[in-house]
Amino acid sequence: MGRTAGQTAGQTADRTAPELDGDTVHAVGKISEALEWVERARGHLYAFHQMSGHADLMLGSALEELENAGHAEIADRVRRDLFGLNVLDGRWTFQVVEEYDDGYFRTFVESERMVRDALVGGRRHVYEARMKTSEREQAGRPAFGPGA
C-alpha cells in the first residue's frame, strides 16, 4: 500500500482493515507470527550449518598442529573417528538446510501467503496494525501519522 494523496512520508494509511472481523484478523496474525518463528528457526538452522562447518575446519587445523607437535597417532585417530563426520547419519549439514528450505519452510511460506490472500486481501500485519493504533490512541496520539 502506497501513500494516498496528501500524505507525507511519515504518515501511514489505515492498515487496520476495519471491514474485517477481529477473529479472522487474530487467526491470520497468529499464522503470520508462527511463520516469523519458522523464519527464526531457519536462521538457527543456517547458524548450525555454519558453526558445524567452522568447527570441522578448526578441528582439521588442530589435527595438523597435533601432528606437527609429534602426536601423529592421536591426530590420526581423531581424524579417522571424527573429522568430516556427518552430523546426521548420511547427510551433510547443507543437505539438512536444503531439505528444510525445500519442504517445511517453503510449504509454510506458501500456506501463510494463501491464508493472507484468501482472508485479508494479501495484507500483512493487519493484527499488528490494529494493536499499534490501539496503543497510540491509549497514549493520546492519533492512530496514524507522525508522533509515535
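All figures in this text were calculated on a predicted structure; none of them were measured in a lab.

S.K.: Explain the overall build of the protein here, please?
M.R.: If you tally the helices and strands in the protein, you get four helices and zero strands. Overall, the protein shows an N-to-C arrangement of helices and strands of α-α-α-α. For the protein, the proportion of its 148 residues judged to be buried stands at 22%. In the protein, the share of contacts with a sequence separation of at least 24, taken over all contacts with a separation of at least 6, comes to 66%. Approximately 10,400 Å² of the protein is accessible, and the part contributed by carbon and sulfur atoms is 55%.

S.K.: What's the story with the confidence of the model for the protein in this structure? I'm lost.
M.R.: As a note on interpretation, predicted positions should not be read in detail where pLDDT is low. Across the protein, the average pLDDT comes to 89, with 89% of residues at 70 or higher. Mean pLDDT across the elements of the protein bottoms out in helix α4 (residues 126-138) (89) and peaks in helix α2 (residues 72-81) (98). Throughout residues 1-11 the model reports pLDDT below 50, and contacts reaching past four residues in sequence, or to other chains, amount to twelve contacts.

S.K.: How should I be thinking about the packing of aromatic side chains in this particular structure?
M.R.: The way to describe two aromatic rings as a pair is by their centre distance and the angle between their planes. One pass over the structure, following the stated rule, counts three aromatic pairs. Considering the side-chain rings of Y100 and Y104, the 5.8 Å spacing of their centres and the 45 degrees angle between planes classify their relative orientation as tilted. Remark: Y104 and Y100 occur in helix α3 (residues 93-120); sequence separation between them is four residues, near one turn of the helix. Ring centres 5.7 Å apart and planes at 65 degrees place the aromatic pair Y104 and F108 in the edge-to-face group. Taken together, the residues Y104 and F108, both in helix α3 and four residues apart, mark about one turn of the helix. For Y104, a relative accessible area of 47% gives the class partly exposed. Of the residues examined, F108 reaches a relative accessible area of 19% and is grouped as buried. An aromatic cluster is defined as three or more aromatic residues linked by ring pairs; in this entry it consists of Y100, Y104 and F108. Geometry around W37 places R40 over its ring, the cationic atom sitting 4.3 Å from the centre.

S.K.: I'm lost on α4 in this one. Help?
M.R.: Side chains of residues three or four places apart in an α-helix project in the same direction, reflecting 3.6 residues per turn. The terminal C-alpha atoms of α4 lie 18 Å apart, and with 13 residues this matches the ideal 18 Å at 1.5 Å per residue to within 8%. Looking at α4, one finds that the buried residues are V126, A129, T133 and R136. The arc that holds every buried residue of α4, seen down its axis, measures 85 degrees, which confines them to one face. Buried residues belonging to α4 abut α1 (22-68). Just past α4, the residue G140 takes up positive phi, approximately 80 degrees.

S.K.: Would you mind showing me how to read the side chain of T133 here?
M.R.: With respect to the secondary-structure elements, T133 resides in helix α4. Apart from the residues within four sequence positions on either side, T133 is in contact with T16, A143 and F144.

S.K.: Is there a simple way to explain α1 in this structure?
M.R.: The first and last C-alpha atoms of α1 sit 68 Å apart over 47 residues, in line with the 69 Å expected at 1.5 Å per residue. Burial in α1 covers these residues: V25, V28, G29, S32, L35, V38, L45, L59, G60 and L63. The elements touched by buried residues of α1 are α2, α3 and α4. Backbone nitrogen of D23 and a side-chain oxygen of the N-cap are separated by 3.3 Å at the start of α1; the cap is D21. A positive phi of about 95 degrees marks G70, the residue just after α1.

Conventions we followed
Residues numbered from 1 in each chain as written. Predicted model: local features only at pLDDT ≥ 70, side-chain atom pairs only at ≥ 80, totals over all residues. Heavy atoms only, no water. Helix = DSSP H or I, 4+ residues; strand = E, 2+ residues; numbered from the N terminus. Buried < 20%, exposed > 50% of the residue type's maximum accessible area, 1.4 Å probe, protein only. Contact = heavy atoms within 4.5 Å. Areas by Shrake-Rupley, 256 points an atom, 1.4 Å probe, with all protein chains shown as cover. pLDDT = per-residue confidence, 0-100. Phe/Tyr/Trp six-rings, centres within 6.5 Å; stacked < 30°, edge-to-face > 60°. Lys NZ or Arg CZ within 6 Å of the ring centre and 35° of its normal. Expected span 1.5 Å × (residues − 1). Arc of directions from axis to C-beta. Polar contact = N/O pair within 3.5 Å; in protein donor to acceptor, adjacent residues only side chain to side chain.

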